[in-house]
Amino acid sequence: MYEHDDMVPLIHHTTEWQNALPYEEVPGPKPIPILGNTWRMMPIIGQYTIGDVAKISSQLHEQYGQIVKFSGLIGRPDLLFIYDVDEIEKCYRTEGTTPFRPSMPSLVKYKSVVRKDFFGDLGGVVGVHGEPWREFRSKVQKPVLQLSTVRRYLQPLEVVTDDFLKRCETLLDANSELPEDFDNEIHKWSLECIGRVALDTRLGCLESNLSPDSEPQQIINAAKYALRNVATLELKAPYWRYFPTPLWTHYVKNMNFFVEVCMKYIKSATDRLKVQGPCKHGEPSLLEKVIMSQKDEKIATIMALDLILVGIDTISMAVCSILYQLATRPEQQEKVHQELKRLMPDPKTPLTLQLLDQMHYLKAFIKEVFRMYSTVIGNGRTLQEDAVICGYRIPKGVQAVFPTIVTGNMEKYVTDAAEFKPERWLKPSQGGFEGKLHPFASLPYGYGARMCLGRRFADLEMQILLAKLLRSYKLEYEHEPLEYAVTFMYAPDGPLKFKMTKY
Ligand code: HEM
């Protein structure tokens, strides 16, 4: 906010600002002349590698304290790591109506430059900011987050998950173990779920013996390509910013393919609506709601594209991590199983939202995995106003980083932080453990107006899968422990050869 006469931000007149220390004094690694700090971020030659992001984050905290500045990064604003959770809370709470989350520059370029012909002024929500973001989000937020929409997908996603579990049974070897590339199968399940939600269709990714030129196989390949290469494109080899590298050209082709798939299914949904009219009994689908309220297929297409782009890897990585933790924590897994057995004495009991709601221990287990092994390692905001943070004057334009992976594990904010205790998320009446748990220390879905748009679907998909799986099967892991690794997400790195046996 500015005063009209001299355009000086109002905050400059406060005693808080006047008493604060100058920005230059924020601690952090000193940039060296010419190369700045960029070299530290470069893979291999630098002090830090991409896979070290989680480690860098805690090293920076140990070395410099509650607030750390990473300046001198060529071609990008300073990064400001904040480890004081009260300050993180303040940043979120004062972020205004159009929070700016710097993300996915490759997608930004694709939407705003390469395919401006298609997107025009409708960029969607991911990689879009200011008023265009607010306008688009307000068009789709209600139908996506409505409880009635989520309820509408419970049964269809249960069917997808039943198919997945049937497929898992066929994949078991003589020792009842799942194959080395089981993470790919989880990936296909999440793709099938998002296809059901965002495109109103069964994509067919869980079929066995898919031929290489079948559409589902092509979609699986495209999604896998996006997963493996976007990290390289954005973190390791950002030369595409200046000229079209082969990786960039492939990325664009891949994205064009996704846009085409979305357009094809959204056209079918629109045609169905035209012929059959809006659904007279029961709840319309998400697409029907968006198409009917917005009267514009393009909005539905762009929404679907965004949901698909961010809704596959996040959830599949989260599921890999949760399954690994369950398989290596037999006592806690047994508690989940007993809870499910009590709620569903017959394993074939159809799920309802009410039943899911009562799976307190299961939900607490998921939250505890997110706290200790934060799948999305951090969140961030580009400051849109000057602010005082941790006693320093921070200019607008700086990118504030909230390293959830560190803050969720800080004893200062979470009692017995190094211990895995799902009970901390339960109420005392549910056998909860009373201790400190700062509400902003672990925020797996972010916070505020820009919070994860797919969080209700993410919770629904994960709960359905875990409830069905752990009600009927025991999961074990009999190999060397896996390390966690970071690309964009934090997940166990290695073959998830779980042993899966029926109770
Ligand atoms: C467990 C899985 C998931 C996790 C941990 C997760 C986490 C996040 C986080 C941290 C953000 C940033 C929020 C912020 O800036 O405050 C985000 C944004 C977003 N997520 Fe998720 N997400 C998950 C699954 C999904 C799914 C399944 C979908 C789609 C169905 C989805 C769609 C989105 C979208 C569209 C945004 C951008 C919102 C905006 O900028 O307006 N997410 N997610």
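Throughout this description, residue numbers start from 1 for each chain and increase along the sequence as written. For a predicted model such as this one, the threshold for reporting local features is a pLDDT of at least 70, and the threshold for listing and counting side-chain atom pairs is 80 or more; totals across whole chains, interfaces and linings nevertheless cover every residue. Hydrogen atoms and water are omitted, and side-chain values are computed over all heavy atoms in the structure.

Salt bridges are defined as contacts in which a side-chain nitrogen from Lys or Arg sits within 4 Å of a carboxyl oxygen from Asp or Glu. Inspection of every chain in the model, using the stated rule, returns 28 salt bridges. With its nearest N and O atoms 3.6 Å apart, the salt bridge here joins Asp-200 to Arg-272. One end of the pair, Asp-200, is in the loop between helix 10 (182-198) and helix 11 (215-236); the other, Arg-272, is in helix 12 (residues 246-276), with 72 residues separating them in the sequence. Each residue gets one of three labels from its accessible area relative to the maximum for its type: buried under 20%, exposed over 50%, partly exposed in between, using a 1.4 Å probe on protein chains only. In this structure Asp-200 comes out as buried when scored by relative accessible area, which is 13%. Judged by its relative accessible area of 33%, Arg-272 falls in the partly exposed class. Secondary structure elements follow DSSP: runs of H or I no shorter than four residues count as helices, runs of E no shorter than two count as strands, and numbering proceeds from the N terminus.

Patch definition: residues with relative accessible area over 30% and no salt bridge; like charges joined within 9 Å; nonpolar side chains (Val, Leu, Ile, Met, Phe, Trp, Tyr) joined within 5 Å. Using a 1.4 Å probe, accessible areas were evaluated by the Shrake-Rupley method; residue-level cover was limited to the displayed protein chains. Nonpolar side chains collect at one region of the surface, where Tyr-239, Tyr-242 and Phe-243 lie side by side and expose about 410 Å² of accessible area between them. By the element assignment, Tyr-242 lies in the loop between helix 11 and helix 12.

With that settled, consider the layout of surface pockets. Rolled over the atoms, a probe with the dimensions of a water molecule shows which regions are left empty. Cavity means a closed set of points on a 1 Å grid over the protein atoms alone, one where a 1.4 Å probe fits but cannot get out, pocket means an open set with protein on both sides within 12 Å along at least 5 of 7 lines, and lining means a residue has an atom within 4 Å of a point. Grid points are joined across faces, edges and corners, and a volume is the space filled by probe spheres set on the points. Considering only enclosed or pocket space, the second largest pocket measures out at about 930 Å³ in volume. Lining the second largest pocket are 31 residues, and of these Lys-363, Lys-367, Tyr-445, Asp-459 and Gln-463 lie nearest its centre. If you list the elements that add at least two residues to the lining of the second largest pocket, you get helix 8 (147-152), helix 17 (353-357), helix 18 (360-372) and helix 20 (455-472). With six residues, the top contributor of residues to the lining of the second largest pocket is helix 18. Considering only residue class, the lining of the second largest pocket consists of 17 nonpolar, six polar and eight charged. Side-chain classes are defined by residue name, with Ala, Val, Leu, Ile, Met, Phe, Trp, Tyr, Cys and Pro counting as nonpolar, Asp, Glu, Lys and Arg as charged, and the others, Gly among them, as polar.

Right, let's get into the packing of helix 5 (residues 105-114) against helix 12. Orientation of helix 5 relative to helix 12, taken along the N-to-C sense of each, is 70 degrees, at an axis distance of 11 Å. Judged by the angle between their axes, helix 5 and helix 12 are roughly perpendicular. Here helix 5 contributes Ser-106, Leu-107, Lys-109, Tyr-110 and Val-114 to the contact with helix 12, which in turn contributes Trp-248, Tyr-251, Val-252, Met-255, Asn-256 and Val-259. Each axis is a line fitted through C-alpha atoms, taken for helices only over the stretch in contact, and angles between the N-to-C directions span 0 to 180 degrees. Should an angle fall under 35 degrees it is called roughly parallel, over 145 degrees roughly antiparallel, and 65 to 115 degrees roughly perpendicular, with every other angle called oblique. The contact criterion used is simple: two residues touch if any of their non-hydrogen atoms lie within 4.5 Å.

On to the packing of aromatic side chains, then. The aromatic pairing rule takes the rings of Phe, Tyr and Trp, using the six-membered ring of Trp, and pairs them if the centres are within 6.5 Å, calling planes under 30 degrees apart stacked, those over 60 edge-to-face and the rest tilted. Within the structure shown, the criterion is met by 21 aromatic pairs. Both rings, one in Tyr-477 and one in Phe-498, keep their centres 6.1 Å apart while their planes meet at 65 degrees; by these two values the pair is edge-to-face. Of this pair, Tyr-477 sits in the loop between strand 7 (473-476) and strand 8 (483-486) while Phe-498 sits in the loop between strand 9 (490-493) and strand 10 (499-502); the two residues are 21 residues apart in sequence, bridging distant segments of the chain. Of the two residues, Tyr-477 and Phe-498, neither departs from the other in class, the shared state being buried. Through successive ring pairs, a cluster of aromatic residues spans Phe-164, Phe-182, Trp-189, Tyr-324, Tyr-373, Tyr-477, Tyr-484, Tyr-490 and Phe-498. Just above the ring of Trp-248 sits the side chain of Lys-109; from NZ or CZ to the centre is 5.3 Å. Consider the ring centre and the ring normal. A charge sits over the ring if Lys NZ or Arg CZ is within 6 Å of that centre and within 35 degrees of that normal. Geometry around Phe-118 places Lys-298 over its ring, the cationic atom sitting 5.0 Å from the centre.

Keep in mind these values describe shape, not function.
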